[in-house]
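Okay, here's what each chain looks like letter by letter:
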Amino acid sequence: MMLCKKCQGKLEVARSCRRVRMRCQECSHEFHIHEVADILDEETEEILSRYTVLIYD
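What comes next is a walk through the structure. Computed from a prediction, not measured in an experiment: that's the story for all the values here.

Attention now moves to the overall build of the protein chain. Helix and strand content of the protein chain: one helix and three strands. The globule rule puts the C-alpha radius of gyration for 57 residues at 10 Å, and the 11 Å found for the protein chain is close to it. Overall size of the protein chain, expressed as C-alpha extent along the three principal axes, is 30 × 25 × 15 Å. The buried share among the 57 residues of the protein chain stands at 26%. Long-range contacts, defined as pairs at least 24 residues apart, comprise 32% of the intrachain contacts of the protein chain with a sequence gap of at least 6. Taken as a whole, the protein chain presents about 4200 Å² of accessible surface, with 45% of it coming from carbon and sulfur. The averaged location of the 11 negative side-chain charges in the protein chain is 8 Å from the averaged location of its 9 positive side-chain charges.

And the structure:
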C-alpha cells in the first residue's frame, strides 16, 4: 500500500482526461507519477502498466 507523503493517507491511481496521477484518499492531494516513483509498490505498478502512455509533466 502506498502512503501519502503529506498525511500518510492511502494513495490511489486517479485517471482523468489525458493524465494519470496519484491521489490521497484522506487529504485529496495529487502527486505526479514521478513524485512518488520511489515508493511505487507492485500493485500500483501493475495498474499503471495498463496505460499505454504516461506523461511526466
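So, on to the pairing of strand E1 (residues 11–16). Note: E1 against strand E2 (residues 19–24), six bridges, orientation antiparallel. Each residue of the ladder has a partner; that of Ala14, found in E2, is Arg21. Where E1 folds back on E2, the antiparallel hairpin that results is connected by two residues, among which Arg18 adopts a positive phi of roughly 65°.

Turning our eyes to something else, we now look at the pairing of E2. Of the pairings in the sheet, the one linking E2 to strand E3 (residues 30–31) comprises two bridges and is antiparallel in character. Residue pairing across strands places Arg23 opposite Glu30, the latter belonging to E3.

It is worth spelling out the nonpolar core at this point. Judged by nonpolar contacts, Met2, Cys4, Leu11, Val20, Met22, Cys24, Phe31, Ile33, Val36 and Leu48 together constitute the single largest core of 10 residues. Among the elements that make up this core, the one with the highest residue count is E2 (three residues).

This paragraph deals with the environment of Cys24. Checked against the element boundaries, Cys24 lands in strand E2. As for Cys24 and Ala14, which are separated by 10 residues in sequence, their C-alpha atoms are 9.3 Å apart. In this view, Cys24 contacts Cys4, Cys7, Gly9, Lys10, Leu11 and His29; residues no more than four positions away in its chain are not counted.

What follows deals with the sheet that holds E1. Reading across the sheet, the three strands line up as E1-E2-E3 and stay open at both edges, with antiparallel pairing between neighbours. Two strands in the sheet have a free side with no partner beyond their single neighbour: E1 and E3.

What counts as what
Residues numbered from 1 in each chain as written. Predicted model: local features only at pLDDT ≥ 70, side-chain atom pairs only at ≥ 80, totals over all residues. Heavy atoms only, no water. Helix = DSSP H or I, 4+ residues; strand = E, 2+ residues; numbered from the N terminus. Rg over C-alpha atoms; globule rule 2.2 N^0.38 Å. Buried < 20%, exposed > 50% of the residue type's maximum accessible area, 1.4 Å probe, protein only. Contact = heavy atoms within 4.5 Å. Areas by Shrake-Rupley, 256 points an atom, 1.4 Å probe, with all protein chains shown as cover. Lys, Arg positive; Asp, Glu negative; His and termini not counted. Charge placed at Lys NZ, Arg CZ, Asp CG, Glu CD. Pairing = 2+ DSSP bridges. Core = buried A, V, L, I, M, F, W, Y, C linked by side-chain atoms within 4.5 Å.

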